[in-house]
Amino acid sequence: MKKFSLFLLFAFALGVFLLLKYFGPWESGSIGGPLIHVYLVAENKTLQMPLEDYLVGVLAAEVPARFEEEALKAQAIAARTYALKKTEAFKDGGNPVHPQGEVCTNPGHCQGWLSSKEMKEKWGWLKYREYERKLQHALRETQGVVAKFQGRLIDPVYHSTCGGRTENGDQVWTHSVPYLTSVSCLLDQEAPKYHGEIAVPLNDFLGRLDLNSNAKSFNASSLRLLAKTETGRVKSISVLGKTFSGGEIRSKFGLNSTNFTWEVTKDAVVFHTTGYGHGVGLCQYGANGMAKNGAKAEEILQHYYQGITLDKMY
Ligand SMILES: [Zn+2]
Ligand SMILES: [Zn+2]
């Protein structure tokens, strides 16, 4: 009988814990911040919402919600800085690409964004309760905090996995930015796309490079590495005498990164990649590795964006 009441007590406590975890009253509702117009590309409509609430959807789209709290806080500051920089740049008359709003939901143009409905679809209903709160918490804990360099908002570019060393900003964009210099990153090896492989059938390979007419003369030595960037990524290669940048090869064949090697087999070119993304700025998996080792959000940001300071704007 005694055992049974102990069991009941335990079951009751567990029930209360789970109820609070998923349905607890704290941290619900709007987090606030200045209003922002978000252009939803797929629906072709614009929503106006408080910045911090918009950022919940950005984090949901851009970073694994299971990440460590300090990594999520670093990402929250980066995403907020990114959005505020856009707002600042397009104050008069909206973004030239989408005058409907300062930011859009296309991750290739602004930042990705998920609505509550999309978050439920992505995580399932129970995880949604947990993760939405976790992301909201990261935003509340850093509310209004942005990253600046010499007093101005930075371009807080980020990517999934750098593969051991981040890339210099001027290797991806034409201008050099002091805080986007290459740094070592030794804690991103847990990333699911640390190593990747893509086999491109020979016909496709030559076709997409407009080299079909030279197919007969193609062999293993038709691909030559011309130059690497300082961090070991492919800067340019030659295929049958025609030059391509690493970035062109990456986008033509959907490679995870420009950090690649290749082998030519009988009927395909097989690319082996390290890392995922352009490699510049904050490495998300590296940030999570740093957080697991006890680093705070500020330390993480100051590692990937050299020389920056944090400032609370509201
Ligand atoms: Zn956009
Ligand atoms: Zn990294």
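So, how was this worked out
All residue numbers refer to positions counted from 1 along the written sequence of the respective chain. Chains and ligands are labelled sequentially in the order written, the chains with letters from A and the ligands with numbers from 1. Only residues with pLDDT of at least 70 are given local features in this predicted model, and only at 80 or more are side-chain atom pairs given and counted; all residues enter the totals for whole chains, interfaces and linings. Excluding hydrogens and water, the side-chain figures rest on all heavy atoms present in the structure. Under the pairing criterion, centres of Phe, Tyr and Trp rings, with the six-membered ring standing for Trp, must be within 6.5 Å; the plane angle then separates stacked pairs below 30 degrees from edge-to-face pairs above 60, leaving the rest tilted. Helix numbers and strand numbers start at the N terminus; a helix is a DSSP run of H or I with at least 4 residues, a strand a run of E with at least 2. Each salt bridge in this description consists of a side-chain nitrogen of Lys or Arg and a carboxyl oxygen of Asp or Glu lying within 4 Å of one another. Per-residue accessibility, obtained with a 1.4 Å probe over protein chains only, is compared with the maximum for each type, and a residue is labelled buried under 20%, exposed over 50%, and partly exposed between these values. Donor atoms are limited to N, O and S found within 2.8 Å of the metal ion, a distance that becomes 3.2 Å for Na, K and Ca. With water left out, some sites might look partial. Think of it this way: with four donors and all angles in the 85 to 135 degree range, the site is tetrahedral; with four or six donors, opposite ones beyond 155 degrees and the rest between 65 and 115, it is square planar or octahedral; otherwise it is irregular. Every angle, taken between N-to-C directions, lies between 0 and 180 degrees, and every axis is a line fitted to C-alpha atoms, over only the stretch in contact when it is a helix. Working definition: roughly parallel below 35 degrees, roughly antiparallel above 145 degrees, roughly perpendicular at 65 to 115 degrees, and oblique for all remaining angles. The handedness criterion is simple: a crossing whose near helix is rotated anticlockwise from the far helix by less than a right angle is left-handed, and one whose near helix is rotated clockwise is right-handed. Contacts between residues were defined by any pair of non-hydrogen atoms, one from each residue, lying within 4.5 Å. Three classes are used: nonpolar for Ala, Val, Leu, Ile, Met, Phe, Trp, Tyr, Cys and Pro, charged for Asp, Glu, Lys and Arg, and polar for all others, with Gly counted as polar. As used here, the term nonpolar core means buried Ala, Val, Leu, Ile, Met, Phe, Trp, Tyr and Cys residues forming a set that is joined through side-chain atoms within 4.5 Å. Domain start and stop positions are those given by an automatic or database domain assignment. Buried area counts how much accessible surface, traced with a 1.4 Å probe, disappears from two parts once they are put together, with both parts' losses summed. Pairing between strands is defined by DSSP: at least two bridges between them are needed.

### Considering the packing of aromatic side chains
Okay, step 1: Counted by the stated rule, this structure contains nine aromatic pairs.
Okay, step 2: Relative to Phe 271, the ring of Phe 205 has its centre 6.2 Å away and its plane inclined at 45°; by these criteria the two rings are tilted. Here Phe 271 lies in strand β12 (residues 268-274) and Phe 205 lies in helix α6 (residues 202-208), a separation of 66 residues in the sequence.
Okay, step 3: Three or more aromatic residues joined by ring pairs form one cluster here, namely Phe 205, Phe 218, Phe 253, Phe 260, Trp 262 and Phe 271.

### Quick word on the pattern of salt bridges
Okay, step 1: One pass over the full model with this rule turns up seven salt bridges.
Okay, step 2: Two residues, Glu 52 and Arg 80, come together in a salt bridge whose shortest N-O distance is 2.8 Å. Of this pair, Glu 52 sits in helix α2 (residues 51-62) while Arg 80 sits in helix α3 (residues 69-89), placing them 28 residues apart in sequence.
Okay, step 3: Classification of Glu 52 by relative accessible area gives buried; the value is 0%.
Okay, step 4: Across the salt bridge formed by Asp 204 and Arg 208, the nearest N and O atoms sit 3.6 Å from each other. On the criterion of helical spacing, the pair formed by Asp 204 and Arg 208 is a turn pair, its members being four residues apart in helix α6.
Okay, step 5: In this structure Arg 208 comes out as partly exposed when scored by relative accessible area, which is 40%.

### Considering the coordination of the zinc ion (ligand 1)
Okay, step 1: Only His 98 (NE2), Cys 104 (SG), His 109 (ND1) and Cys 110 (SG) from the protein reach the zinc ion (ligand 1) as donors, at distances of 2.0 to 2.3 Å.
Okay, step 2: Relative to the metal, the four donor atoms surrounding the zinc ion (ligand 1) lie at angles of 102 to 116°, and the coordination shape comes out tetrahedral.
Okay, step 3: Read from N- to C-terminus, the donor residues coordinating the zinc ion (ligand 1) fall into the pattern H-x5-C-x4-H-C.
Okay, step 4: The class of His 109 is partly exposed, set by a relative accessible area of 26%.

### Focus: the packing of helix α8 (residues 284-292) against helix α9 (residues 297-304)
Okay, step 1: Where α8 contacts α9, the two axes come as close as 10 Å, and the packing angle between them is 140°. In terms of orientation, α8 lies oblique with respect to α9. Once α8 is placed against α9, the crossing between them reads as right-handed. For the pair formed by α8 and α9, the contact residues are Gly 286, Ala 287, Met 290 and Ala 291 on the first element and Glu 299, Ile 300, His 303 and Tyr 304 on the second.
Okay, step 2: Within the contact of α8 with α9, the residues separate by chemical class into five nonpolar, two polar and one charged.

### Quick word on the environment of Arg 250
Okay, step 1: Tracing the chain through its elements places Arg 250 in helix α7 (residues 246-253).
Okay, step 2: Take Arg 250: its relative accessible area is 23%, and that puts it in the partly exposed class.
Okay, step 3: Here the alpha-carbon distance between Arg 250 and Leu 187, two residues 63 residues apart in the chain, equals 24 Å.
Okay, step 4: Setting aside chain neighbours within four positions, we find Arg 250 in contact with Leu 255, Asn 256, Ser 257, Thr 258, Gly 277 and His 278.

### Quick look at the nonpolar core
Okay, step 1: Membership of the largest hydrophobic core comes to 66 residues, with the highest contact counts inside it found for Tyr 54, Leu 282, Ile 300, Tyr 304 and Tyr 305.
Okay, step 2: The greatest single-element share of this core, amounting to nine residues, is contributed by α3.
Okay, step 3: Ignoring sequence-local partners within four residues, the contact set of Ile 300 consists of Glu 70, Ala 71, Ala 74, Leu 282, Ala 287, Met 290, Ala 291 and Ala 295.
Okay, step 4: Counting residues in hydrophobic clusters, the runner-up holds 18 residues, among them Val 200, Phe 244, Ile 249 and Val 269.

### Structural notes on the domain arrangement of the protein
Okay, step 1: Domain boundaries in the protein define domain 1 (35-189 + 279-312) and domain 2 (195-274).
Okay, step 2: Listed per partner, the contact involves nine residues of domain 1 and six residues of domain 2.
Okay, step 3: Between domain 1 and domain 2, roughly 560 Å² of surface is buried when both sides are summed, and carbon and sulfur atoms account for 40% of that area.
Okay, step 4: Summed over the shared surface of domain 1 and domain 2, the result is zero salt bridges.

### Here's the deal with the side chain of Asn 168
Okay, step 1: With respect to the helices, strands and loops of the structure, Asn 168 is situated in the loop between β6 (158-159) and β7 (195-201).
Okay, step 2: On the basis of relative accessibility, which here comes to 13%, the residue Asn 168 falls in the buried class.
Okay, step 3: Discounting residues that sit within four places of it in the chain, Asn 168 has contacts with Leu 180, Thr 181, Ser 182, Glu 230, Thr 231 and Val 280.

### Some words on the sheet that holds β7
Okay, step 1: Strand order in the open sheet formed by three strands is β7-β12-β11, with antiparallel pairing between adjacent strands. The open sheet has two free edges, formed respectively by β7 and β11 (260-264), since each of these has just one partner strand. The sheet shows a mean angle of 20° between the axes of neighbouring strands, direction not considered.

### Structural notes on the pairing of strand β2 (residues 45-50)
Okay, step 1: Bridging between strand β1 (residues 35-40) and β2 involves six bridges; their strand directions are antiparallel. Residue Leu 40 lies in a different strand from β2, and its bridge partner there is Lys 45.
Okay, step 2: The antiparallel hairpin formed by β1 and β2 contains four residues in its connecting segment, where Asn 44 sits at a positive phi of about 50°.

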